[in-house]
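For reference, the chains in residue letters:
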Amino acid sequence: MKLDPSFYTRSNVVVIARELLGKVLSTKINGLTTSGMIVETEAYSEKEKGCHAYKGMTQRNAVMYDDGGVAYLYLCYGIHQMVNVVTNTKGIADAVLIRALEPMTGMEVMMERMNVSHVKRITSGPGKLTRALGIDKSFNGKSLAGKELWIEDCGMKVKPAEIIKSPRIGIDYAGDDALLPWRFTLKGNEWISKM
DNA sequence: TACGTGATCACG
DNA sequence: GTGATCACGTAA
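Quick look at the structure, then. (Residues numbered from 1 in each chain as written. Chains lettered and ligands numbered in written order. Predicted model: local features only at pLDDT ≥ 70, side-chain atom pairs only at ≥ 80, totals over all residues. Heavy atoms only, no water.)

**Side note on the protein's contact with DNA strand C**
Residues in close proximity to DNA strand C total 18 residues, the closest being Y74, M82, N84, G127 and Y173. Among the atoms of DNA strand C close to the protein, meaning within 4 Å, 56% are from sugar or phosphate groups. At a separation of 2.9 Å, a phosphate oxygen of DNA strand C approaches a polar backbone atom of K128. Mapped onto the surface near DNA strand C, the elements with two or more residues apiece are strand 4 (80-87), strand 5 (94-105) and helix 4 (126-133). A breakdown of the residues in the surface near DNA strand C according to their chemical character gives nine nonpolar, seven polar and two charged. (Near = heavy atom within 4 Å. Polar contact = N/O pair within 3.5 Å; in protein donor to acceptor, adjacent residues only side chain to side chain. Helix = DSSP H or I, 4+ residues; strand = E, 2+ residues; numbered from the N terminus. Nonpolar A, V, L, I, M, F, W, Y, C, P; charged D, E, K, R; others polar.)

**Regarding the protein's contact with DNA strand B**
By nearness alone, every residue bordering DNA strand B is listed as K55, T58, R60, L75, Y77, G78, I79, H80 and K137. Counting only atoms of DNA strand B within 4 Å of the protein, the sugar-phosphate share comes to 65%. A distance of 2.4 Å is found between a phosphate oxygen of DNA strand B and a side-chain nitrogen or oxygen belonging to T58. Contacts to DNA strand B include G78, whose backbone N or O atom sits 3.2 Å from a base nitrogen. For the surface near DNA strand B, the class distribution of residues is three nonpolar, three polar and three charged.

**Details of the pattern of salt bridges**
Throughout the structure, instances matching the rule amount to eight salt bridges. The closest approach of N and O atoms between E42 and R99, which form a salt bridge, is 3.5 Å. Residue E42 is located in strand 2 (residues 32-44), and its partner R99 is located in strand 5; the two are separated by 57 residues in the primary sequence. On the basis of relative accessible area, E42 is assigned to the buried category, the value being 0%. The closest approach of N and O atoms between K49 and D177, which form a salt bridge, is 3.6 Å. Within this pair, whereas K49 is found in the loop between strand 2 and strand 3 (71-76), its partner D177 is found in the loop between strand 7 (163-166) and strand 8 (183-186), the two being separated by 128 residues in sequence. (Salt bridge = Lys/Arg side-chain N within 4 Å of Asp/Glu carboxyl O. Buried < 20%, exposed > 50% of the residue type's maximum accessible area, 1.4 Å probe, protein only.)

Functional significance is not addressed by these values, which are geometric in nature.
Written out as structure tokens, the structure reads:
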């Protein structure tokens, strides 16, 4: 079942980042369906220095100010597409970065997109999972309850004891805010990034 | 540990 | 216009 818009428009982005663990991100592109369970997320709030919207709206981050429930795409290092889940209500720029998936559907399609002949670690990082699922900047601002891109609850129950929180990756420039424990991973999962 | 890669942003 | 920077991935 696709997540209801009310899941995304809540005000606490950290709670939403935690609750996205165990949910399933899917795409259907040219008739090809690929999906994976979310096993790693990071929360970003406009009030802290790690966030792209910390200094206000720009052309790039404008969709972060939309109502929760749309995708925010961002190209990093000229190569890697990153996908974020926009949260909170219109005018407030909070988002959750999806950092890793455990593959579920469309293994062959994902392997071909990654140009590998094995399933191992094809979605274990924010840049890799977008490539495996075929997500690029054309999805910027698109609904997460759409026909080409969506997140659903497949009934996977995640217990609090299975969730690890840690500082976010790669945001040293954020100073003290880099220490916030806003990264969430599933304990013991083989698909989280940087293993 | 090093560096490719190109959009983006904050300057003028 | 221009230069520094960057929510990574891979090779070594």
